[in-house]
Amino acid sequence: MNHQKLIIEGGRRLQGEIAVQGAKNSLLPLLAATVLCDGVATLHNCPRITDADAAFRILDCLGCKCCRECSVVTVDAAKMANNQVPEALMQEMRSSIVFLGAILGRCGSCRWSTPGGCELGPRPIDYHVESLKQMGVEVVQEAGYMNFTAPKGIRGAKIALPFPSVGATENVMLAATTAEGVTEIHNAAREPEITDLAEFLNKCGARIAGAGGSTVVVEGVPKLSGAEHTVISDRIVTATYMCCAAITRGELLLSRTKQDDLSPILPLFRKMGCSVYTYDKDKIYINARKALRAPGKIVTHVHPGFPTDAQAPLMALTTVLPGTTIFEENIFESRYKHAAELGRLGAKINVRERIAVVEGVPRLSGAKVSSTDLRGGAALVTAGLACEGITTVGEIQHIDRGYEAIEDALRSVGAKIIRK
Ligand code: UD1
């Protein structure tokens, strides 16, 4: 149980520079991929977040040796001895499912406890399981467990995903890397994290083509070596800090970003009236000193659409913009839990199923609120920066899953925020 809170005294304009951390959603599949490597894998730009710690514990219990020095992590999977992730670790990190494809690729079998739901509504794994079955994996369910085995080895297959699921695409890529023959993934997810995973695997000797497009082709190879790789910048953390700049009418320079990955997001900030400039390959400058306005409608979609993960922090920003903003959430059910908490700060938000309508109010006022999930928690911090008075954000273990010391980053650019 985590009793820590973030206490924010709102009303300070943010100004300064934040170097954006590496991407959680890239790091986790990359760590899973190290399981397939025969030699040592070295990952640079690894953020200090609790989801990464959970992934290290999984690697540890599989018998892999992990070592972290600052933002550099090495994983040696040479002596991997186990093919089972304990249920407690599964529960700790829902996205541990991405280890399934890698463990199967390495060991040819895996025992998996059936994951429960999570704070974003039910998160089924049927696409993962059906795809693996097509690759020769047999699945037997027994009291709370799924036993995966590939008696004749994992074989390449033509897989058409019913939906371009990020996790399912990653799992199939991981299982296919050392499978026999060629795997084609049609309707693959096109998120930047997929491209990052393919780049790392290819450095290790895999043969993956088409990542970032709708069809990914994996030609199985007998084994992978280790390699060195730098985790891509976190586009959702960048988007969150842009929201923090805008809501405080501030001015931020975000460095170590990956500009291309933000193409679905930057135009929206310009539409709201912010000045946004990109330069030097990795820098984004945002200035929100002019009057801002509501952006109209925001529809979440798979990449390159507006990312569902940025919906909550953006909603926090729109609560104080003159006009009406309509959100349409198309990826997850139950992804508006933060709306009620924002309401406690004075926001006017009406939620009906996949639609949330935000009527901008002139000001928010500080109150005690609770993080409902990772991005919902970041939304409350964003809102707290603009509140009159003190905002106390509880349940911040959700935020720590994906944001590296969010209070330090914000304090360094002028926010009054402490962890207690
Ligand atoms: C990943 C990201 C998450 C992001 C999401 C969408 C990680 C660790 N997490 O989650 O931050 O919000 O992509 O960009 O990278 N679905 C099924 N059956 C399945 C798999 C998915 O019905 O077997 C559904 C899900 O319920 C959801 C949709 O497909 O409605 C998209 O899910 P998916 O792309 O798989 O998201 P994750 O990989 O879980």
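Residues numbered from 1 in each chain as written. Predicted model: local features only at pLDDT ≥ 70, side-chain atom pairs only at ≥ 80, totals over all residues. Heavy atoms only, no water.

A.B. asks: For the site of the ligand, give the residues involved together with the corresponding values.
C.D. replies: If you check the shell around the ligand, you find 18 residues, and the closest are Asp 126, Tyr 127, Ser 165, Asp 309 and Ile 331. The separation between an oxygen atom of the ligand and a polar main-chain atom of Pro 124 is 3.2 Å. For the ligand, an oxygen atom lies 2.5 Å from a polar atom in the backbone of Ile 331. Contact with the protein chains removes 85% of the 750 Å² of surface that the ligand exposes when unbound. For the shell around the ligand, the elements supplying multiple residues, two or more each, are helix H5 (126-134) and helix H6 (166-177). When residues of the shell around the ligand are assigned to their parent elements, the largest contribution, three residues, is made by H5. Of the residues assigned to the shell around the ligand, the class counts are eight nonpolar, six polar and four charged. (Near = heavy atom within 4 Å. Polar contact = N/O pair within 3.5 Å; in protein donor to acceptor, adjacent residues only side chain to side chain. Areas by Shrake-Rupley, 256 points an atom, 1.4 Å probe, with all protein chains shown as cover. Helix = DSSP H or I, 4+ residues; strand = E, 2+ residues; numbered from the N terminus. Nonpolar A, V, L, I, M, F, W, Y, C, P; charged D, E, K, R; others polar.)

A.B. asks: Kindly report on the pattern of salt bridges, identifying the contributing residues and their values.
C.D. replies: If you walk through the whole model with that rule in mind, you get 20 salt bridges. Where Lys 283 meets Asp 282, a salt bridge forms, and the shortest distance between an N and an O atom there is 3.3 Å. Residue Glu 341 is joined to Arg 344 by a salt bridge in which the shortest nitrogen-to-oxygen separation is 3.9 Å. With Glu 341 and Arg 344 both in helix H11 (residues 337-344) and three residues apart, this pair spans about one turn of that helix. Under the relative-accessibility criterion, Glu 341 is labelled buried at 14%. (Salt bridge = Lys/Arg side-chain N within 4 Å of Asp/Glu carboxyl O. Buried < 20%, exposed > 50% of the residue type's maximum accessible area, 1.4 Å probe, protein only.)

A.B. asks: Kindly report on the pairing of strand S19 (residues 348-352), identifying the contributing residues and their values.
C.D. replies: Of the pairings in the sheet, the one linking S19 to strand S20 (residues 355-359) comprises five bridges and is antiparallel in character. The residue bridging Lys 348 from the neighbouring strand is Glu 359, located in S20. Here S19 hands over to S20 after two residues, with Glu 353 in that stretch at a positive phi of 50 degrees. (Pairing = 2+ DSSP bridges.)

A.B. asks: An account of the side chain of Thr 248 is requested, with residue identities and associated values reported.
C.D. replies: Its place among the elements puts Thr 248 in the loop between helix H8 (235-247) and strand S14 (251-255). One polar contact links the side chain of Thr 248 to the main-chain amide nitrogen of Leu 14, over a distance of 3.1 Å. In this view, Thr 248 contacts Arg 12, Arg 13, Leu 14 and Leu 385; residues no more than four positions away in its chain are not counted. (Contact = heavy atoms within 4.5 Å.)

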